[in-house]
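This is what each chain is made of:
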Amino acid sequence: QVQLVESGGGLVQAGGSLRLSCAASGRTFSRYDMGWFRQAPGKEREFVAAIHWSGGSTYYADSVKGRFTISRVNAKNTVYLQMNSLKPEDAAVYYCAAKSGTTAFELKSYDYWGQGTQVTVSS
């Protein structure tokens, strides 16, 4: 089982950058695929980025491709989301999630979730 805690959210101007961190505890972190999701007020939770347990493959939503980068350092039990060129539409609560490396990359496969960190982007 894995416990996840996000940090790094805050207020940033449009065009600015933030780096989110997700610290994991529990066993076999290195064998879990990790993902970032976000949820804005009045909207459903949406996929942002994911990374394979090996770190060899990454996936991004079209809306963030080229601006966001997901990475992980298994030795630190941490996954990151570097967010550049932020837009007002990026404002949301960002959630870190973990799933077994044997499951498909889809929302229902993520078994463990953090509490979220707020990202606010001002115009």
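Before going into details, it helps to say that this report is about the structure given with it. (Residues numbered from 1 in each chain as written. Predicted model: local features only at pLDDT ≥ 70, side-chain atom pairs only at ≥ 80, totals over all residues. Heavy atoms only, no water.)

Where nonpolar side chains cluster on the molecular surface, the patch consists of Phe47, Tyr59 and Phe105 and spans about 260 Å² of accessible area. Position of tyrosine 59 among the secondary structure elements: in strand 6 (residues 58-60). (Patch = residues over 30% accessible without salt bridge, like charges linked within 9 Å, V, L, I, M, F, W, Y side chains within 5 Å. Areas by Shrake-Rupley, 256 points an atom, 1.4 Å probe, with all protein chains shown as cover. Salt bridge = Lys/Arg side-chain N within 4 Å of Asp/Glu carboxyl O. Helix = DSSP H or I, 4+ residues; strand = E, 2+ residues; numbered from the N terminus.)

The next point concerns the side chain of arginine 67. Mapped onto the elements of the fold, arginine 67 is located in the loop between strand 6 and strand 7 (68-73). You can call arginine 67 buried: its relative accessible area is 11%. Within the local environment of arginine 67, its side chain forms a polar contact with the side chain of aspartate 90, the two groups lying 2.8 Å apart. Leave out the neighbours within four places in its chain, and arginine 67 touches Gln82, Met83, Asn84, Ser85, Leu86, Lys87 and Asp90. (Buried < 20%, exposed > 50% of the residue type's maximum accessible area, 1.4 Å probe, protein only. Polar contact = N/O pair within 3.5 Å; in protein donor to acceptor, adjacent residues only side chain to side chain. Contact = heavy atoms within 4.5 Å.)

What follows covers unusual backbone geometry. If you check the backbone angles, asparagine 77 has positive phi at about 55 degrees while not being a glycine. Within the secondary structure, asparagine 77 is located in the loop between strand 7 and strand 8 (78-83). Judged by relative accessible area, which is 26%, asparagine 77 ranks as partly exposed. Phi angles above zero are rare outside glycine, and serine 85 is one such case at about 50 degrees. Taking the relative accessible area as the measure of exposure, serine 85 reaches 40% and is therefore partly exposed.

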